[in-house]
Each structure stands twice: as C-alpha cells, then as structure tokens.
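Residue-level listing of the chains:
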Amino acid sequence: MLGLPGRRLPSAEFLLLLPLLLLPLLLLLLPAAPAPHRAAYKPVIVVHGLFDSSYSFRHLLEYINETHPGTAVTVLDLFDGRESLRPLWEQVQGFREAVAPIMAKALQGVHLICYSQGGLVCRALLSVMDEHNVDSFISLSSPQMGQYGDTNYLKWLFPTSMRSNLYRICYSPWGQEFSICNYWHDPHHDDLYLNASSFLALINGERDHPNATAWRKNFLRLGRLVLIGGPDDGVITPWQSSFFGFYDANETVLEMEKQLVYLRDSFGLKTLLARGAIVRCPMAGIAHTAWHSNRTLYETCIEPWLS
C-alpha cells in the first residue's frame with residue numbers, strides 16, 4: 001500500500017479503538033440531562049384569629065419555607081386586631097374575595113391553615129364556596145363547636161359579664177354584631193343558642209336554612225380535615241371543641257362522635273370520618289398563643305399534610 005513519504009498510516013487496531021477513545025470526550029460535550037422534575041407544593045393560605053395579624057405567623061412561614069422550599073404561602077392580612085371583632089359573615093365575605101383568585105390559579109388545589117377564630121371563618125368558606133379546591137383544611141386550636149369559658153378576651157370585651165350570664169348579651173341582635181358572640185355556645189341555654197346564633201348554628205346545620213344541602217355538598221369537597229388542639233390551651237373552652245367535642249347540659253364533655261351534628265351528619269362530619277378524611281392531632285403543653293410557633297407541633301401535626 002502506498003503511503004505519504006515519511007508517515008505511517010494508523011493500524012487497523014487503532015482505528016477500531018478510536019471511537020472508544022473519543023467517547024468520554026463526546027460525553028463531556030453533550031448537554032447535561034435535565035434534573036428530574038419535582039412536583040410543586042400546593043399553595044398554602046393562612047387565616048389568623050381574634051386580635052391577630054399576619055405578623056403573628058412569621059415562625060410558621062419560616063418553618064414552611066424551610067421544609068417545603070418554593071411553597072407559595074399567603075398569610076392573609078385582613079380584619080387584623082380589633083377589626084377581628086367584626087361579624088363573622090362579614091369576615092367570611094372579605095376572606096372569600098381574597099382566597100378565590102389564589103384557588104383559581106392553583107389547579108392542583110390549596111391547603112388552608114386557620115388559627116383559632118380563623119378556623120370558623122375557614123369552615124364557613126368551605127361551606128359557601130361552590131368550587132373551592134381545598135386539599136387539607138388544618139384547623140389550629142379552633143373552637144369548632146363553640147366557646148363557653150371565661151377568658152381574658154371576654155373580660156376585656158364584656159368586663160361586667162361572666163360566662164354564666166353572657167348569653168343575655170350574645171343571644172341578642174346587638175350581641176351578634178361581635179364575632180365572639182357568633183360562636184358563643186351556652187350549653188345551659190340551648191334553645192336560645194339555636195334561635196339566636198346567626199353563624200355557628202348555621203354552619204353546623206343545627207338550624208334549618210335554605211342553603212343547608214348546598215353547604216354540606218361544598219364542605220364535602222374537602223380532601224382532608226386536620227384537627228389540632230390540646231388540654232393546656234388555656235383559651236378554647238372546652239379544649240375538646242377543637243375536635244368537635246362540647247359540653248352537655250351538665251358540662252360533661254361529649255366527644256365528636258356523640259354530638260348531634262355528627263350523628264345526624266348535618267354538615268358532613270360523619271361522612272368525612274367514614275372515608276378516613278379526618279385527622280386528630282392532640283398535643284399537651286402548648287398554650288393558645290404558641291400553636292403557630294411551636295416547631296414540634298408543626299413537624300408532627302402540620303408539615304405531613306402540606307403536599
């Protein structure tokens with residue numbers, strides 16, 4: 001075979017090995033494979049309680065950002081401070097206008113974390129919003145079956161009244177203009193409660209109204225109900241109200257499964273429990289104002305449900 005003067009042609013063996021020798025170089029030149037796609041976390045909406053503001057939830061916001069980076073968290077800054085005493089239906093309308101556009105953009109759904117009085121606002125939202133897409137509703141130390149106890153809040157608001165006679169104020173048209181009276185539940189005056197309560201008795205389905213069937217259907221769109229509370233709360237009375245328990249006429253606490261609203265399935269509690277969609281997370285040693293800042297509570301009762 002003729003070749004160029006002074007040069008040797010590559011051997012056949014070298015030519016066979018050449019592709020293998022060049023392969024590492026070619027791999028380096030190829031674009032890197034895209035990182036595996038991780039599904040985004042659902043947006044979280046936080047609703048505060050009585051006399052609170054969005055600032056109270058700075059620790060909770062920090063925990064969520066740390067454990068679920070990239071989560072869109074909205075702490076709604078409505079009805080802060082004394083404005084939280086406004087009638088609850090007024091607050092429900094304001095919060096509804098705020099959450100609707102967030103839900104509309106979240107095709108996979110949202111999570112609600114609602115603290116204290118805010119838990120009742122959120123439960124009403126779940127009732128009145130026909131197309132809500134709430135996956136987890138996390139009720140954080142909220143008086144879901146009402147409140148019946150002397151607290152500093154009550155002493156400040158009604159200094160001359162005690163729990164035994166507060167019904168005289170709360171079960172009047174004037175009293176129902178205060179949010180706390182909207183869920184005041186006196187077990188010794190049940191008839192007055194049922195007739196006068198313009199909020200709790202309605203969302204509980206304890207009093208007939210034309211929207212009862214639609215509200216129940218809306219509530220049952222919920223994916224999961226997470227109930228959080230504890231015996232050292234110091235404000236929610238009885239503390240079992242956070243789990244839909246409440247006093248009977250003798251002030252003996254009856255658990256959720258013995259409440260008429262459950263037995264009658266008046267707004268969907270029994271149905272939710274039957275499908276395994278209620279999570280109860282009691283925790284001792286936490287005062288009412290510490291629920292949203294306690295890291296252990298967050299990791300145990302909140303974080304697992306923020307998908």
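- The name that an unreviewed UniProt entry assigns to the chain is Lysosomal thioesterase PPT2, with the source organism given as Capra hircus.
- Annotation of the chain in UniProt includes, under Sequence similarities (unreviewed entry), the sentence "Belongs to the palmitoyl-protein thioesterase family."

**Here we look at the pattern of salt bridges**
Item 1. This structure, assessed with the given rule, holds 7 salt bridges.
Item 2. In this structure, Glu257 and Arg280 form a salt bridge, with 2.8 Å as the shortest nitrogen-oxygen distance. One end of the pair, Glu257, is in the loop between strand E7 (253-254) and helix H11 (260-263); the other, Arg280, is in strand E8 (residues 278-282), and 23 residues separate them in sequence.
Item 3. Here Glu299 makes a salt bridge to Arg295, at a shortest N to O gap of 2.9 Å. On the criterion of helical spacing, the pair formed by Glu299 and Arg295 is a turn pair, its members being 4 residues apart in helix H13 (residues 295-302).
Item 4. A relative accessible area of 42% means that Glu299 is categorised as partly exposed.
Item 5. Looking at Arg295, the relative accessible area reads 25%, which means it is partly exposed.
Item 6. Through salt bridges with shared partners, a single network forms among Glu66, Arg295 and Glu299.

**Concerning the nonpolar core**
Item 1. Formed by 60 residues in total, the largest nonpolar core has its most connected members in Phe137 and Leu225.
Item 2. Top element by residues in this core is helix H4 (residues 117-128). It accounts for 7 residues.
Item 3. Among all residues touching Leu225, those that are not within four sequence positions of it are Phe137, Phe244, Leu269, Leu272, Ala277, Ile278 and Val279.
Item 4. In terms of nonpolar packing, the next biggest core, distinct from the first, is built from 24 residues, Ile64, Val73, Trp291 and Tyr298 among them.

**A look at the packing of H4 against helix H10 (residues 212-219)**
Item 1. At a minimum axis separation of 6 Å, H4 and H10 run at an interaxial angle of 110°. Relative to H10, the element H4 is oriented roughly perpendicular. Where H4 approaches H10, its residues Arg123, Leu126, Ser127 and Val128 are matched on the opposing element by Ala214, Trp215, Asn218 and Phe219.
Item 2. Across the contact of H4 with H10, the residue classes break down as 5 nonpolar, 2 polar and 1 charged.

**Points about the packing of aromatic side chains**
Item 1. One pass over the structure, following the stated rule, counts 13 aromatic pairs.
Item 2. Each ring, one from Tyr148 and one from Trp184, has its centre 5.5 Å from the other, and the planes form 55°; the classification is tilted. Separated by 36 residues along the polypeptide, Tyr148 in the loop between strand E4 (134-140) and helix H5 (152-157) and Trp184 in the loop between helix H7 (179-182) and helix H8 (190-196) bring together distant segments of the chain.
Item 3. According to the relative accessible area criterion, Trp184 is buried, its value standing at 0%.
Item 4. Both rings, one in Trp174 and one in Phe178, keep their centres 5.2 Å apart while their planes meet at 70°; by these two values the pair is edge-to-face.
Item 5. Judged by relative accessible area, which is 51%, Trp174 ranks as exposed.
Item 6. The ring of Phe267 has Arg123 lying over it, and the distance from NZ or CZ to the ring centre is 4.6 Å.

**Here we look at the pairing of E4**
Item 1. Among the 7 residues that make up E4, 7 are buried, leaving the element largely enclosed by the rest of the structure.
Item 2. Bridge count for strand E3 (residues 110-115) against E4 is 6 bridges, and the pairing is parallel. Residue pairing across strands places Cys114 opposite Ser139, the latter belonging to E4.
Item 3. In this view, the connection linking E3 to its parallel neighbour E4 by way of H4 has right-handed handedness.
Item 4. Direction of pairing for E4 relative to strand E5 (residues 224-229): parallel, over a ladder of 5 bridges. Note on E5: the bridge partner recorded for Ser136 is Arg224.

**A word on the state of the cysteines**
Item 1. One pass over the full model with this rule turns up 3 disulfides.
Item 2. Across a sulfur-sulfur distance of 2.0 Å, Cys114 and Cys122 are joined as a disulfide pair. The disulfide joining Cys114 to Cys122 has a torsion of about -85° about its S-S bond and is therefore left-handed.
Item 3. On the basis of relative accessibility, which here comes to 0%, the residue Cys114 falls in the buried class.
Item 4. Looking at Cys122, the relative accessible area reads 0%, which means it is buried.
Item 5. The partner cysteine of Cys170 in its disulfide is Cys181, sulfur to sulfur 2.1 Å.

**What about the packing of helix H3 (residues 88-105) against H4?**
Item 1. Running from N to C, H3 and H4 point in directions that differ by 65°, and their axes come no closer than 9 Å. In terms of orientation, H3 lies roughly perpendicular with respect to H4. The element H3 and its partner H4 pack so that their crossing is right-handed. Across the interface between the two elements, Leu88, Trp89, Gln91, Val92, Phe95 and Arg96 of H3 pack against Gln117, Val121, Ala124, Leu125 and Val128 of H4.
Item 2. Grouping the constituent residues of the contact of H3 with H4 by class yields 8 nonpolar, 2 polar and 1 charged.

Quick notes on the rules
Residues numbered from 1 in each chain as written. Predicted model: local features only at pLDDT ≥ 70, side-chain atom pairs only at ≥ 80, totals over all residues. Heavy atoms only, no water. UniProt positions renumbered as here; feature names shortened; annotations may be inferred. Salt bridge = Lys/Arg side-chain N within 4 Å of Asp/Glu carboxyl O. Helix = DSSP H or I, 4+ residues; strand = E, 2+ residues; numbered from the N terminus. Buried < 20%, exposed > 50% of the residue type's maximum accessible area, 1.4 Å probe, protein only. Core = buried A, V, L, I, M, F, W, Y, C linked by side-chain atoms within 4.5 Å. Contact = heavy atoms within 4.5 Å. Axes fitted to C-alpha atoms, helices over the stretch in contact; angles between N-to-C directions. Parallel < 35°, antiparallel > 145°, perpendicular 65-115°, else oblique. Nonpolar A, V, L, I, M, F, W, Y, C, P; charged D, E, K, R; others polar. Phe/Tyr/Trp six-rings, centres within 6.5 Å; stacked < 30°, edge-to-face > 60°. Lys NZ or Arg CZ within 6 Å of the ring centre and 35° of its normal. Pairing = 2+ DSSP bridges. Right-handed = clockwise from strand over helix to strand, strands pointing away. Disulfide = S-S within 2.5 Å. Left-handed = near helix turned anticlockwise from the far one by under 90°.

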